[in-house]
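# Fold and geometry: a report
Here is what each chain is made of, one letter per residue.
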Amino acid sequence: MCPNCLKSTKMSAVSSTNSMIKVFISYSHQDEAIKDELCVHLATLRRQKKIETWHDRAIEAGAEWEETLKAKFYAADVILLLITPRFMASDYCYDKETQWAIERHDKGQARVIPIIMKPCDWQDTPFCKLQFLPREGKPVTTWDNQDEALLNVAKGIRTVVETLSKKQTVLA
């Protein structure tokens, strides 16, 4: 379990504000370690109360997992798709979460950000039309310094969060 993400989830029940951008992380459980590393790089945005992150490991025992997951998914302002060969092979990640994400994107309900974490064949997929991170198009795990790659990703997410926060302020 990603303690950095769970801190955000627990804290949000107490101190969440409407201005925080809700971020849903979609990933294969086999890629949990790299998801946890991304959560570390998103810590500054969480500490600044700009984002509230959530992923399915935050589902409590005894809760109806799909109902809980869908509620968080459909409440998210930003959906991160952590693209890896295992994500692409997962029927749930690819067939359900990706489909829901693209539908929400097409309706203007959420910003969907594909993050290429590991080398894989993602061309000609439903999300290939979207701008992905890292910006250089080089999968995170192929960078000489993965912290630099994840910093690149975190900065890209920060830009999106700032844009969405300005829109929320204007609409308020």
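Counting from 1, residues in each chain are numbered in the order their sequence is written. For a predicted model such as this one, the threshold for reporting local features is a pLDDT of at least 70, and the threshold for listing and counting side-chain atom pairs is 80 or more; totals across whole chains, interfaces and linings nevertheless cover every residue. Heavy atoms from the whole structure form the basis of all side-chain values; hydrogens and water molecules are not counted.

## A look at the overall build of the protein
Secondary structure elements are taken from DSSP: a helix is a run of H or I of four residues or more, a strand is a run of E of two residues or more, and numbering for both begins at the N terminus. Assigned secondary structure in the protein consists of seven helices and four strands. Ordered by position from N to C terminus, the α and β elements of the protein give α-β-α-α-β-α-β-α-α-β-α. Across the 172 residues of the protein, 46% fall into the buried class. For the protein, the exposed area adds up to about 9000 Å²; of that, 50% sits on carbon and sulfur atoms. Residue exposure (1.4 Å probe, protein chains only): buried if accessible area is under 20% of the type maximum, exposed if over 50%, otherwise partly exposed. Using a 1.4 Å probe, the Shrake-Rupley method yields the accessible areas, and only the shown protein chains count as cover for residues.

## Looking at the confidence of the model for the protein
Averaged over every residue, the pLDDT of the protein is 87; the share at 70 or more is 88%. Values of pLDDT, which run from 0 to 100, indicate the predictor's confidence residue by residue. Contact definition: two residues touch when any of their heavy atoms are within 4.5 Å. pLDDT under 50 marks residues 6-17. Its contacts with residues more than four places away, or in other chains, come to 15 contacts.

## Points about the sheet that holds strand E3 (residues 78-83)
DSSP calls a pair of strands paired once it identifies at least 2 bridges connecting them. With respect to topology, four strands assemble into an open sheet ordered E2-E1-E3-E4, the strand pairing being parallel. The open sheet is flanked by strand E2 (51-54) and strand E4 (111-116), the only strands paired with a single partner. Along the sheet, successive strands turn relative to each other by an average axial angle of 25 degrees, direction set aside. Bridge count for strand E1 (residues 21-26) against E2 is four bridges, and the pairing is parallel. Within the sheet, the bridge partner assigned to Val 23 lies in E2 and is Thr 53. Axes here mean lines fitted to C-alpha atoms, for a helix over just the part in contact, with angles spanning 0 to 180 degrees between N-to-C directions. Sheet contacts for helix H2 (residues 32-41): E1, E3 and E4; angle to E3, the most-contacted strand, approximately 135 degrees. This element, helix H6 (residues 91-106), spans E1, E3 and E4 of the sheet and lies at about 140 degrees to E3.

## Comments concerning the nonpolar core
Counting residues in hydrophobic clusters, the biggest one holds 27 residues, and the most contacted among them are Leu 38, Leu 80, Ile 115 and Ile 157. At eight residues, helix H7 (residues 146-171) tops the list of elements feeding residues into this core. Once residues within four sequence positions are removed from consideration, Ile 115 is found in contact with Leu 38, Leu 80, Leu 81, Leu 82, Ile 83, Leu 133, Val 153 and Ile 157. Counting 23 residues, the second largest nonpolar core, distinct from the first, contains Trp 54, Ala 58, Val 112 and Leu 130. The criterion is simple. A nonpolar core is a set of buried Ala, Val, Leu, Ile, Met, Phe, Trp, Tyr and Cys residues joined through side-chain atoms within 4.5 Å.

## Focus on H6
For H6, with 16 residues, the first-to-last C-alpha span of 21 Å sits near the 22 Å given by 1.5 Å per residue. Think of it this way: the bend at a residue is just the angle between two axes, each fitted to seven residues, one set ending at that residue and the other starting at it. At Thr 98, H6 shows its largest kink, close to 30 degrees. Along H6, the residues classified as buried are Cys 93, Glu 97, Thr 98, Trp 100, Ala 101, Ile 102 and Arg 104. If you follow the buried residues of H6, they end up packed against E1, helix H4 (65-75), E3, helix H5 (85-89) and E4. Gly 108 sits one or two positions beyond H6 and adopts a positive phi of about 75 degrees. Multiplying 1.5 Å by the helix residue count minus one yields the expected span of that helix.

## Points about the pattern of salt bridges
Every case where a carboxyl oxygen of Asp or Glu lies within 4 Å of a side-chain nitrogen of Lys or Arg is listed as a salt bridge. On inspection of all chains with the given rule, the structure shows six salt bridges. Ionic pairing is found between Asp 31 and Lys 118, a salt bridge with its closest N-O pair at 3.3 Å. Taken together, the residues Asp 31 in the loop between E1 and H2 and Lys 118 in the loop between E4 and H7 connect sequence positions 87 residues apart. Close ionic contact of Asp 36 with Lys 35 constitutes a salt bridge, the shortest N to O distance being 2.7 Å. Owing to a relative accessible area of 0%, Lys 35 belongs among the buried residues under this scheme. Connected through shared salt-bridge partners, Glu 32, Lys 35 and Asp 36 make up one network.

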